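So you can see what is in the structure, the chains are spelled out below.
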Amino acid sequence: MQKRFLMCRPTHFAVTYKINPWMDPAAPYDTTLAISQWESLKATYENLGHQIELIDPVPGLPDMVFAANGGTVIDGRMFTAQFRHAERADEGPAYRDWFDRAGYEVHDAKHVNEGEGDILLAGDYVLAGTGFRTAHASHAEVQEVFGRPVITLQLVDPRFYHLDTALAVLSTGADGKPANIAYLPEAFSPGSQTVLRQLFPNAVIANIEDAEVLGLNAVSDGENVVLPVQATHLAEELRKAGYEPIGVDVSELRLAGGGPKCCTLELRS
């Protein structure tokens, strides 16, 4: 299935502050390498037949490359992001302006949410994470904007502070397969684990080694799954489940806590 993605070149990528466990401002980083890895990710999508739209990077916003956090788009409606940390606050208006100019129906968030970092469409449901970044109150807003049932999922491990670091949507049901996911059970509260088992009995289960290289920060078109090349166990489990894993190296971006999905905001018409 051809998809449309919004991406942002990491022209200003840097790790100069710490707002998640992955970031270390004292450690070296390589912006040139980050750009090269991002360009390879973009080329991977294009080679799979997907369409890429670009938003201009803004100086002083080193995390703007993580486009998935810029909002949520379902049925041609865009729900804006409101970032928890001041360091990323200006990304919200930058993404909102792009969608406004592009002619989307824009709905402004009243509560903290970090876009597709914590809001993922999976078949008939919107899976919504909370615990570290996105406020639980925003889940009701999501349901009102998109008119789809929202399933709240409680994250419990600070390393996996966004839902898209602990869970990947593999199939939405629109491609003829039932909706399915891959996830790391121990990243969720016991009640949320029970809900996930009920909703997705055939889910692909990742292990902690997969999650520690952000292997679940993956993008699927229902057949091909683009994920960090280091997540070898998850790649094999995906292959057993009938998917085609495609490994990419975005290890430099992982220094800021991001992977393929973080760089990729899906534009659903």
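The structure presented is a predicted model; accordingly, all values stated were derived computationally and were not measured.

### With respect to the packing of aromatic side chains
- Throughout the structure, instances matching the rule amount to 7 aromatic pairs.
- Between the aromatic rings of Phe99 and Tyr104, the centroid separation amounts to 5.0 Å while the plane-to-plane angle is 80°, which identifies the pairing as edge-to-face.
- What makes Tyr104 buried here is its relative accessible area of 15%.
- Cluster of aromatic residues (ring-pair linked, three or more members): Trp98, Phe99 and Tyr104.

### Some details on the nonpolar core
- Residues Leu127, Leu167, Phe188 and Leu234 are the most contacted members of the largest nonpolar core, which totals 34 residues.
- Only β6 (119–122), β8 (150–154), β9 (167–171), β10 (180–183), β13 (224–228) and α6 (232–240) provide two or more residues apiece to this core.
- The contacts of Leu234, once residues within four sequence positions are left out, are Ala182, Val204, Ala206, Asp210, Gly215, Leu216 and Leu227.
- Within the second largest apolar cluster, 22 residues are counted, among which are Phe5, Ile19, Leu253 and Ala256.

### Considerations on the pairing of strand β2 (residues 51–54)
- Direction of pairing for strand β1 (residues 4–7) relative to β2: parallel, over a ladder of 4 bridges. Paired with Leu6 across the two strands is Glu53, which belongs to β2.
- In this region the chain leaves β1, passes through helix α1 (residues 31–47) and returns to the parallel neighbour β2; the handedness of that crossover is right-handed.

### Comments concerning the side chain of Asp210
- Mapped onto the fold, Asp210 is located in helix α5 (residues 208–212).
- Of the side chains bearing the opposite charge, Lys240 lies closest to the buried Asp210, which forms no salt bridge; the N-O distance is 11 Å.
- Side-chain polar atoms of Asp210 contact the side chain of His233, separated by 2.8 Å.
- The residues contacting Asp210, other than those within four sequence positions of it, are Gly215, Ala231, Thr232, His233 and Leu234.

Rules behind the numbers
- Residues numbered from 1 in each chain as written.
- Predicted model: local features only at pLDDT ≥ 70, side-chain atom pairs only at ≥ 80, totals over all residues.
- Heavy atoms only, no water.
- Phe/Tyr/Trp six-rings, centres within 6.5 Å; stacked < 30°, edge-to-face > 60°.
- Buried < 20%, exposed > 50% of the residue type's maximum accessible area, 1.4 Å probe, protein only.
- Core = buried A, V, L, I, M, F, W, Y, C linked by side-chain atoms within 4.5 Å.
- Helix = DSSP H or I, 4+ residues; strand = E, 2+ residues; numbered from the N terminus.
- Contact = heavy atoms within 4.5 Å.
- Pairing = 2+ DSSP bridges.
- Right-handed = clockwise from strand over helix to strand, strands pointing away.
- Lys, Arg positive; Asp, Glu negative; His and termini not counted.
- Salt bridge = Lys/Arg side-chain N within 4 Å of Asp/Glu carboxyl O.
- Polar contact = N/O pair within 3.5 Å; in protein donor to acceptor, adjacent residues only side chain to side chain.

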